[in-house]
Amino acid sequence: MRITGWRVHLNSPGRNFLTLELETDTGLVGLGDGTLNGREHAVRAYLEEHLLPCLEGRDAFATEDFWQYAYRGAYWRRGPVTMTAIGAVDLALWDLKGKVLGVPVYQLLGGRCRQGVMAYTHCHGQSVPALIESAKAKQAEGFRALRLQCAVPGLDEVYGAPKAAVYEPAEEGALPKEEIWDTAKYLDFAPELFGQARAALGSTPHLLHDAHHRLTPIEAARLGQALEPYRLFWLEDAVTGELQEAFRLVRQHTTTPLALGEVFSTVFDIHQLITNQWIDYVRMAPTHGGGLTALRKIAALAEPYHVRMACHGPSDISPIGLAAAIHFGLATHNAAIQEFMGHPPETLTVFKPAYRFDNGYLNPGEEPGLGVAFDTKAAAAHPYRRAYLPTARLEDGTAWSW
Ligand code: CS2
Ligand code: MG
């Protein structure tokens, strides 16, 4: 099976997605996700101008060789744009391999090792009672694991707990929104929030929380300690991960499990965190981490260190990328849980995934390949629109991590 051509689609059915179609001499087309929220055109240019022209005529079965060629051959290694572009091609190659062999990708990765991948979903509210109501509604849908994010008293709006129904403001033509952040207010409030939530929801559901990289190590240590009585499944992105050693201090002070890595691109972003056992869960996803080829190796490195995989699965990863994560989660022994926000109905008019959520678990379905159909005509009706994630500043105007 040889690669004969490609098409890159950048569309906005509900939000922006970059989809790669890789054509072969068999007539089969492989699909990959290359969506990098807010930086979509950088990946498009990387694919169209640099990577894809090197692929014409190559063996589409040679996933490992492609990966090494694209990673080593570029000279300029790593980084989210490069690795998302490599990831898009890698996913399309796994999709093709499954399609031509007539098997779902999870079979190629080692086969099923659980009945389904436990999913967690997002719950948010402008007040604790509203948040608890949203959590109960998600429990009623079957979710066993819930990420709780709440507006912080005294702050106007906090990312993850939007005032509007949509998760992220992504207004056409608008520049990035600036939110005001105050760590002291957040640290005072978060334990109270989880105390009330645990009391209202009982001991059964797994509760998760995302701090979105806003704390220093000592602040994260304090938060982790304060949340211990409420037995979190994890505290995510407590501190930015550029300095892996930062997690040594957090780890020394708390038994709250720690998750990190949704913005990481390669094993070199996370290897010290794994081998020092400073974190419990790796949040890297196939889309942004260089594809399934790369993620399998990270999982293999993590396994003996008792570190488990928990792929990022926001609505800004397309159903193709999410499907790849679900196949991976089903076939990887040290995969623990999968984020599942779902996608807006508009998105699902363009992408038709075979995966299903049922009674708390995700299954990728038995379609050959990744099991997602992509309707190019429907996609073309939704042109790309520039959109940004919000940014954060402290009350005195200092730019901050969000
Ligand atoms: C979040 C994401 O899902 C998560 O854990 O951190 O919503 C993240 O903010 C977005 O994917 C950014 O593009
Ligand atoms: Mg996150």
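These lines cover the structure that appears in this document, whether it is placed above or below. (Residues numbered from 1 in each chain as written. Chains lettered and ligands numbered in written order. Predicted model: local features only at pLDDT ≥ 70, side-chain atom pairs only at ≥ 80, totals over all residues. Heavy atoms only, no water.)

One open sheet holds the three strands; their spatial order is β1-β2-β3, and the pairing between them is antiparallel. Strands with a single pairing partner mark the edges of an open sheet, and in this sheet they are β1 (3-11) and β3 (29-33). Between one strand axis and the next, the sheet turns through 20° on average, direction left out of account. Two elements, β1 and strand β2 (residues 17-24), share eight bridges in a ladder whose sense is antiparallel. Bridging across to β2, His 9 finds its partner in Thr 19. (Pairing = 2+ DSSP bridges. Helix = DSSP H or I, 4+ residues; strand = E, 2+ residues; numbered from the N terminus. Axes fitted to C-alpha atoms, helices over the stretch in contact; angles between N-to-C directions.)

Take the packing of aromatic side chains next. The final tally for this structure, using the stated rule, is 13 aromatic pairs. A ring pair is formed by Tyr 120 and Trp 234, whose centres lie 5.3 Å apart and whose planes are at 85°; its orientation type is edge-to-face. Separated by 114 residues along the polypeptide, Tyr 120 in strand β4 (residues 117-125) and Trp 234 in strand β8 (residues 234-236) bring together distant segments of the chain. With respect to class, Tyr 120 is no different from Trp 234; both count as buried. An angle of 20° between the planes, with centres 5.9 Å apart, marks the rings of Phe 340 and Phe 357 as stacked. With a gap of 17 residues between them, Phe 340 in the loop between β12 (338-339) and β13 (351-353) and Phe 357 in strand β14 (residues 356-358) connect regions that are remote in the sequence. One residue, Arg 214, lies across the ring of Trp 181, its end atom 4.3 Å from the ring centre. The ring of Trp 67 carries the charged tip of Lys 297 above its face, separated from the ring centre by 5.9 Å. (Phe/Tyr/Trp six-rings, centres within 6.5 Å; stacked < 30°, edge-to-face > 60°. Buried < 20%, exposed > 50% of the residue type's maximum accessible area, 1.4 Å probe, protein only. Lys NZ or Arg CZ within 6 Å of the ring centre and 35° of its normal.)

Now for the sheet that holds strand β18 (residues 399-400). Reading across the sheet, the three strands line up as β6-β17-β18 and stay open at both edges, with mixed pairing between neighbours. Since the sheet does not close on itself, it has two edges, and those belong to β6 (178-181) and β18, each with one partner.

This part takes up the coordination of the magnesium ion (ligand 2). Binding of the magnesium ion (ligand 2) to the protein goes through Asp 210 (OD), Glu 236 (OE) and Glu 262 (OE), at separations of 2.0 to 2.2 Å. Mapped onto the polypeptide sequence, the residues donating to the magnesium ion (ligand 2) form the spacing pattern D-x25-E-x25-E. Of this pair, Asp 210 sits in strand β7 (residues 206-210) while Glu 236 is found in strand β8, placing the two residues 26 residues apart along the sequence. Residue Asp 210 shares its accessibility class with Glu 236, and that shared class is buried. (Donors = N, O, S within 2.8 Å, 3.2 Å for Na, K, Ca; no water.)

We now examine a nonpolar patch on the surface. Taken together, Phe 61, Val 100 and Leu 101 make up a surface patch of nonpolar side chains, about 230 Å² in accessible area. Among the structural elements, Leu 101 can be located in helix α3 (residues 80-101). (Patch = residues over 30% accessible without salt bridge, like charges linked within 9 Å, V, L, I, M, F, W, Y side chains within 5 Å. Areas by Shrake-Rupley, 256 points an atom, 1.4 Å probe, with all protein chains shown as cover. Salt bridge = Lys/Arg side-chain N within 4 Å of Asp/Glu carboxyl O.)

We now examine the pattern of salt bridges. Evaluated as defined, the whole model comprises 17 salt bridges. When the shortest N-O distance is used, the salt bridge between Arg 44 and Glu 48 registers 3.0 Å. Of this pair, Arg 44 and Glu 48 are both found in helix α1 (residues 40-51), four residues apart, which corresponds to roughly one turn of the helix.

This part is about unusual backbone geometry. You will see that His 213, though not glycine, has its phi angle at about 65°, which is positive. Turning to its location among the elements, His 213 is positioned in the loop between β7 and α7 (217-227). Despite not being glycine, Asn 359 shows a phi value in the positive range, around 50°. If you trace the backbone, Asn 359 turns up in the loop between β14 and β15 (361-363).

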